[in-house]
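Here is how the chains run, residue by residue.
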Protein chains: 2
Amino acid sequence: MSDHYHHGNLRQALIDAGVKIINESGEENLSLRKVAALCEVSHAAPYSHFKDKEELVEAIKAHVTGQFMTELEKAVSEASSAEKALVDMGRNYVAFFVRRPDYFKFLFSGQNIVAHIQPGKDYEEDYPPFVLLKETYQKYLAENKISRTKEEQEVDILKLWSSAHGLASIACMSGVEVSFDWEKKIATEELLR
Amino acid sequence: MSDHYHHGNLRQALIDAGVKIINESGEENLSLRKVAALCEVSHAAPYSHFKDKEELVEAIKAHVTGQFMTELEKAVSEASSAEKALVDMGRNYVAFFVRRPDYFKFLFSGQNIVAHIQPGKDYEEDYPPFVLLKETYQKYLAENKISRTKEEQEVDILKLWSSAHGLASIACMSGVEVSFDWEKKIATEELLR
DNA sequence: GCATCAATCTTTACACTGTCAAGTTTCGAG
DNA sequence: CTCGAAACTTGACAGTGTAAAGATTGATGC
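These numbers were taken from a predicted model, which means no experiment stands behind them.

Parameters and conventions
- Residues numbered from 1 in each chain as written.
- Chains lettered and ligands numbered in written order.
- Predicted model: local features only at pLDDT ≥ 70, side-chain atom pairs only at ≥ 80, totals over all residues.
- Heavy atoms only, no water.
- Axes fitted to C-alpha atoms, helices over the stretch in contact; angles between N-to-C directions.
- Helix = DSSP H or I, 4+ residues; strand = E, 2+ residues; numbered from the N terminus.
- Parallel < 35°, antiparallel > 145°, perpendicular 65-115°, else oblique.
- Left-handed = near helix turned anticlockwise from the far one by under 90°.
- Contact = heavy atoms within 4.5 Å.
- Nonpolar A, V, L, I, M, F, W, Y, C, P; charged D, E, K, R; others polar.
- Buried < 20%, exposed > 50% of the residue type's maximum accessible area, 1.4 Å probe, protein only.
- Near = heavy atom within 4 Å.
- Polar contact = N/O pair within 3.5 Å; in protein donor to acceptor, adjacent residues only side chain to side chain.

**Q** Looking at this model, I keep getting lost on the packing of helix H1 (residues 10–25) of chain A against helix H5 (residues 101–108) of chain A. Mind explaining?
**A** All names here are of chain A. Running from N to C, H1 and H5 point in directions that differ by 125°, and their axes come no closer than 9 Å. With respect to each other, H1 and H5 are oriented oblique. Handedness of the crossing formed by H1 with H5: right-handed. Between H1, through Val-19, Ile-22 and Asn-23, and H5, the contact on the second element is made entirely by Asp-102, Tyr-103 and Phe-106. Among the residues making up the contact of H1 with H5, the classes are represented as four nonpolar, one polar and one charged.

**Q** How should I be thinking about the side chain of Glu-71 of chain B in this particular structure?
**A** All names here are of chain B. Relative to the assigned elements, Glu-71 resides in helix H3 (residues 53–78). By relative accessible area, which is 14% here, Glu-71 ends up buried. Apart from the residues within four sequence positions on either side, Glu-71 is in contact with Asn-92, Phe-96 and Arg-99.

**Q** Would you explain the protein's contact with DNA strand D in this entry?
**A** Taken together, 26 residues surround DNA strand D, and among them His-7, Ser-42, His-43 and His-49 of chain A together with Arg-33 of chain B come closest. Ser-31 of chain B is positioned with one of its side-chain polar atoms (N or O) 3.2 Å from a phosphate oxygen of DNA strand D. Between Asp-52 of chain B and DNA strand D, the recorded distance is 3.1 Å, taken from a side-chain N or O atom to a phosphate oxygen. With three residues, the top contributor of residues to the surface near DNA strand D is helix H2 (residues 32–38) of chain B. A class-by-class count of the residues in the surface near DNA strand D yields ten nonpolar, eleven polar and five charged.

Taken by themselves, the reported measurements are silent on function.
Written out as structure tokens, the structure is:
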């Protein structure tokens, strides 16, 4: 049995299997043993790569957050101005989760929003979507020669973030029809004046 | 053993025990068997009152949502105008969950936002906080003699709801300090013009 | 006052879960 | 070639939700 030991890249395989399970049968069916079975490996094998179920889940979250980030980055790179970038980031933020409500539930239904963000931690430095929002906002201030205090900036950023996140949350958790014409419901433009 | 059968009001006792467990050791420790044990009842007793663990959880959520509602109703009853009521509802919405982030996680971290709201269901009629928001918004339109189309109204309501919910979500899930001066961060006023 | 019945609760059992401890295989450094 | 560490297996355990079957109770009709 040369197959059974030293799988090759089991760590990544476990993460991929986790994503697959979530896609096919929802987060509630995500178990260590099923993930291991999908990789044709014994039920305790994951413990060689993750100390916990939690640690595997966080790794999967980081993976999904990666996909989410490429959506946000696309908005930034394709926008002609920083202001448009902010608006489009909001749109893509909601659009990503409207297409994948299961991902929303998975990412934001645990103890911590994502592995990067933990109560008391320095989320501002570590959580990629937040970093991108912050940078884009700064660029927006510079382009339009707007000067705001540190505190005003924090408030602005939080408003931008929470309006998109709130809409995504309601769309994903309540079955409200945001998928149709949801673009009108993004309040980013209003918040920027 | 006259004590062991016919508990009296086991259904409510189970709900209360569930709330107690969530308060003391978090949602992750909420199990049917612990709830039953707290009521000094066998581990299968809950099945006389709830068909599922899910059904018990939904009952607990409805109970907590009740407490949440009294907070929102207070904002409405104490406000001098409908416009102020809308603003204060937003404040109290966030304030409630800032004080009890565990409640936010519990209410909005499951399959369905609350028992009342289920994908495809008529959430508009059944979810008390939403009904209250809708009524107050209508009063606001009437008081200020504003006329808006059905669709514009839906968009407005969704913006109001999502801005408060988004801020609460970020406050509860990410450890961002919204507790201090969070009142400045409510965008309700801006959204009303 | 008594039998009966449905509701309520207990007991037992099962499959599934996360986790740990101990053993087995394999790779690679010395 | 050896041998230690890393990767994986096997076996076990407590805790979970749930179903089936039996026990107890209060209420109802006679």
